[in-house]
Each structure stands twice: as C-alpha cells, then as structure tokens.
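Chains, contacts and geometry: an overview
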Amino acid sequence: MSGAVNVLVVGVGPHTRLNHLPALAVAQDAGLAGTVTGADLPDAAAAAVEYGTPSQPRRMPVVPVQPFPVSRRSLPDVVRRLLEGVVERERIGAVVVATEPSVHLPYALWAMERGLPVLLDKPLTVRAGASTDPEAAQAIAEDFDTLLDAYRAARRRDPRMVVSVLSQRRWHPAFRRVRELIAEVAEATNCPVTSVQSSHGDGQWRLPDELVDLGYHGFDRGYGKAAHSGYHHFDTVPWWLAAGERPGKEIDEVEVHAACTRPADFLAQLTIADHARLLPSFADRNPYTEQDLDRLTAGFGEVDVFLNVAYRSRGRVMALGSHNLAHTTFSQRSALHPVPGDLYKGNGRIGQENHIIQQGPFQALHLHVLQTLHGDEDGVDRRAAGGADHIELHVFRNDRLRPDWQRHRTLDFADLVHGSGDNAVLPTQRSARTCAITEFLSYLTRHIPRTEMASDLTDHRRPARLMAGAYLSMSRRWADAGRRPTAPVMLDFRPAAAPAPTARALAALGATR
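Residues numbered from 1 in each chain as written. Predicted model: local features only at pLDDT ≥ 70, side-chain atom pairs only at ≥ 80, totals over all residues. Heavy atoms only, no water.

Here we come to the pattern of salt bridges. The final tally for this structure, using the stated rule, is 30 salt bridges. The partner of E184 in a salt bridge is R397, with the nearest N and O atoms 2.6 Å apart. With E184 in helix α5 (residues 173–189) and R397 in strand β15 (residues 392–397), the pair connects residues that are 213 residues apart, well separated along the chain. Between K225 and D202 there is a salt bridge whose closest N-O contact spans 2.7 Å. With a gap of 23 residues between them, K225 in the loop between α6 (208–213) and α7 (230–244) and D202 in the loop between β9 (195–201) and α6 connect regions that are remote in the sequence. Like K225, the residue D202 is buried in the burial classification. One network of salt bridges, with partners in common, ties together D209, E210, R285 and R333. (Salt bridge = Lys/Arg side-chain N within 4 Å of Asp/Glu carboxyl O. Helix = DSSP H or I, 4+ residues; strand = E, 2+ residues; numbered from the N terminus. Buried < 20%, exposed > 50% of the residue type's maximum accessible area, 1.4 Å probe, protein only.)

Now the structure itself:
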C-alpha cells in the first residue's frame, strides 16, 4: 500500500468548508490523506481555514491565487508557477478542484498535464452566458471532449492516473438501491426504464436587492440552477437509465426542450412591494426600483428550469423524462439579512426532491426526500417526513405476473443504510460526499482497484451533454425572444469509450499488482 496523499484543494469557499474539508479530516484520521493545502482568491486566502472537530481542530494554509478571466482555457503563467511551487514544496499527490465552476476547466487541465490525479467537483464546466448565448451553451459539451482528451493523454503517460467527478448521488445508498432495482427488473424482463419524473427544489429565497448584490450562487454570470445542483440530476437520471439498457435498446440520442424563469420573472411573482409588506425594513434597505432591477438583471441566468426530455434508441423513444429544477421552492427563511458565512445552507435554504421511475408494466419506484429545518428541541423525528434526514423509497412490482415479487414495500432511512458499524454509509448527502473523497484517496493509496470507482470522468459524457442541451434550449429561446417556436435540441447521447490502455500501460499495471 502507498502512504497518505498530500492534497491541494483549489477553492475553499462555503461549499468546500461544509463538505470537502470534513471528509478530508476523516481521510486524514484514516491515514489516506496527509497534509491539506488550499488555494483561492486573495480575500479567501487572507487567513488559514480551520476545519476538523473541536476535539481535533486543524488549520489549512491557503495560498492566494490571482483572479483571471473565465474565458481562459488554460491557467495564466503566474498562477501556474505559483501552483507548481506549492506542488513541489508540499509534495502534493492529488488535486481537488472545487472552485466556481466557470474556471474548473483550466485547473483540471493543469493538474492532468502535471500528472496529478483530480477529484473534480460538479458540474464539470460551465460557460459565462450559457443561458443566453448558444455558443457558450454548446461549449459545455465541447469542454467535456477537451477534458476527456487530456485525461486519455494523461493515462497514456501514467496508467494509474484518475479523474473522479464528485457527483455524490452515485455513492448515496438510496440512489444506488434504485439503480440495483432497475437492473434487476431489466435482467428479468428485458424492459428498460420507460419514464422518469424528477424534481428538485433548493428553497432559496433571494431578496430583490440580493439578486444583484449577493454573488454566491448568483445569476449574474448568465447561468443558474442547472449549473448548481441541477448537474446532480443530469448525472443521476442517465446513470439510472444505463442500468436498464439492454442489447438493442441502448440510448444513442437525446431531445431536450427547456423552459425557465429568470430574475425578472421572479420579480413579477414576488414584487418589490410584496417583499416590503412581508419583511419590515426591506424598503429601507433596498436601493433599487423595479426599473433598476429589470435593467441590472437583464441577461442573468435561470432561477428555475423545467426540462422535457426524450431518450431515443435508433430513432425510437426508450424513455421520456421530465426534470424540474427550481430555486424558488419551499423555504424557511424569515430574516431580512442573510446569514453571514453561511450562504451555502443558511437563510432557510432546504432541499426537497422526488423521483418517479417507471419500468414498463413491471416496476415503479418512488423516491421521496421531504425534509425541513428544525431544532432538536422541537421533538421532530429526523428520519420521518418533515425531518432533516427524511428519505423514503417505495417499490412497486407486478406480483401477478411474477408471484415471487412483492407487490409493494417501503424502504426508510434505516433500510437504506449500507453496511454497519464504522463502515456504515448513511443515506445522506454528507455521508455520500465522504464516500466520494474516501474512494478517490483509497484508489491513490492502492487500497481499491480502479474497477471499484463509481464516478470516473469517462462516465460523464451523458450528463455533460444533457446539461449542454438544457442550456442550448434556454439560450435559443432567449435569442429568438419569442418570435417563433424554438425547435428542441437534439444531441448524440452515446457514452464515452473508456481509454484503451497501451501495451506499456498494461505492463505497468501488471507490475503494481
């Protein structure tokens, strides 16, 4: 086994501090991770970042990186030299890319060129103006090809090179159970998934002035929900569909039609006057008129986006999908001022989601996450509907065709826990993220083989193209400005082929076993 891996974390914002750093602390305790060094913009790098637990606190030094235009496809020389110095000085063995996603590409390409394994946060990439500019939307698909080409080249140089994508639902026990149930029925019936209805709500209530003044997960770069938590659904749904694909029924094309709301629409749903009535003192704080906000938010990205999707095989529809992704959903925000330092999960933001998967006349799966925020003193069962950890999977099967099948069963939180004791994986997003980071480092330290990894970059062509299709549809509708009906987006949807190892690579792999 190899020793612990020293890690460079590029991007140490609220998301990283809430999710990546606790998981890296666990990995340090397990002997998988060594030192952890951060890199971020000068303001974020002004002080070391504290993480870990009160009983075992840790401090991560953060080096300042100068900002550069998001249009760059490679790192500026000054940033490259700085990072090269960190790699040499700290003996870095892996890179976590957790920056704002519009600069994922140059950091990931640099790491691969340097021969450093990468844990890449979702989404893979996004382009400024993607929801209004068809060229920027199309570039999302092209960026995947650029990443894949670089990955293949890096693996030719080093067969143990890996790029893993942190889209954590692939490690989530409930989402994995859905995939197993789909595969089981497909094997028994030769029937693929025939429809998927998915919805996700963020519970994000951003006040009118905050649409302009609050940058975190904002819309001012010309993209929004689809490039934030939306990627999880672009990844999860094709991953489920793949479990039901059968010979002759492989999905090779996708048709996407998107409708979205933007900040101007939200401000029609809840006006400045509405906010002033609901939140005392808002009128005193808000410096903007409706005309100001219309002008300032013109060209901003999507707040909510609903997709109608057809997944085809050889011209025939194998599955229909409705994928509804919304920021404007049930929230528990009540305060005028945002919670400082907690923009990621603060301000009453709460995620809820539902998925209904139909597999012809044989199986229906209903996965529900109906959570709220509450205190322990409220007497709420955290694992029941309305609890902070609620999750529930209903499984329906055609028992009259197959008497050995159970007509209906319900799997709750306890049923969905995978493993036991210290190795238990809970059906929570945090536990799944910890699994993602642990798996990445376990591979690098030779505790597991590549075949056990759940989210290799090569397996993300479909989600990248589904995301590109969503933005192509949004941007074309924007460009047409309602002058004529906009045709749905049609994209090739074949999965990417895994890099074929060279003879040299095969020999090297054999030598390490």
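A few words on the environment of A4. Here A4 is to be found in the segment before β1 (5–10). With a relative accessible area of 43%, A4 lands in the partly exposed category. Taking the C-alpha atoms as reference, A4 lies 45 Å from T132; in sequence the two are 128 residues apart. Ignoring sequence-local partners within four residues, the contact set of A4 consists of G31, L32, A33, G34 and T445. (Contact = heavy atoms within 4.5 Å.)

It is worth spelling out the environment of L21 at this point. Here L21 is to be found in helix α1 (residues 14–29). Once the C-alpha coordinates of L21 and W478 are considered, the two residues, 457 residues apart in sequence, prove to be 39 Å apart. Not counting residues up to four positions away in its chain, the partners in contact with L21 are T16, V36, V49, Y51 and M60.

Turning our attention to the pairing of strand β7 (residues 118–121). By the alternation rule, side chains of β7 split into V118 and L120 and L119 and D121, which are all buried. Inspection of the sheet shows strand β6 (residues 94–97) paired to β7 by three bridges, in the parallel sense. Bridging across to β7, V96 finds its partner in L119. Regarding the hand of the β-α-β motif, the stretch spanning β6, helix α3 (residues 104–113) and β7 is right-handed. Sheet topology note: the β7/strand β8 (residues 163–166) ladder contains four bridges and is parallel. Note on β8: the bridge partner recorded for V118 is V163. After leaving β7, the chain enters helix α4 (residues 134–157) and then returns to the sheet as β8, a path that is right-handed. (Pairing = 2+ DSSP bridges. Right-handed = clockwise from strand over helix to strand, strands pointing away.)

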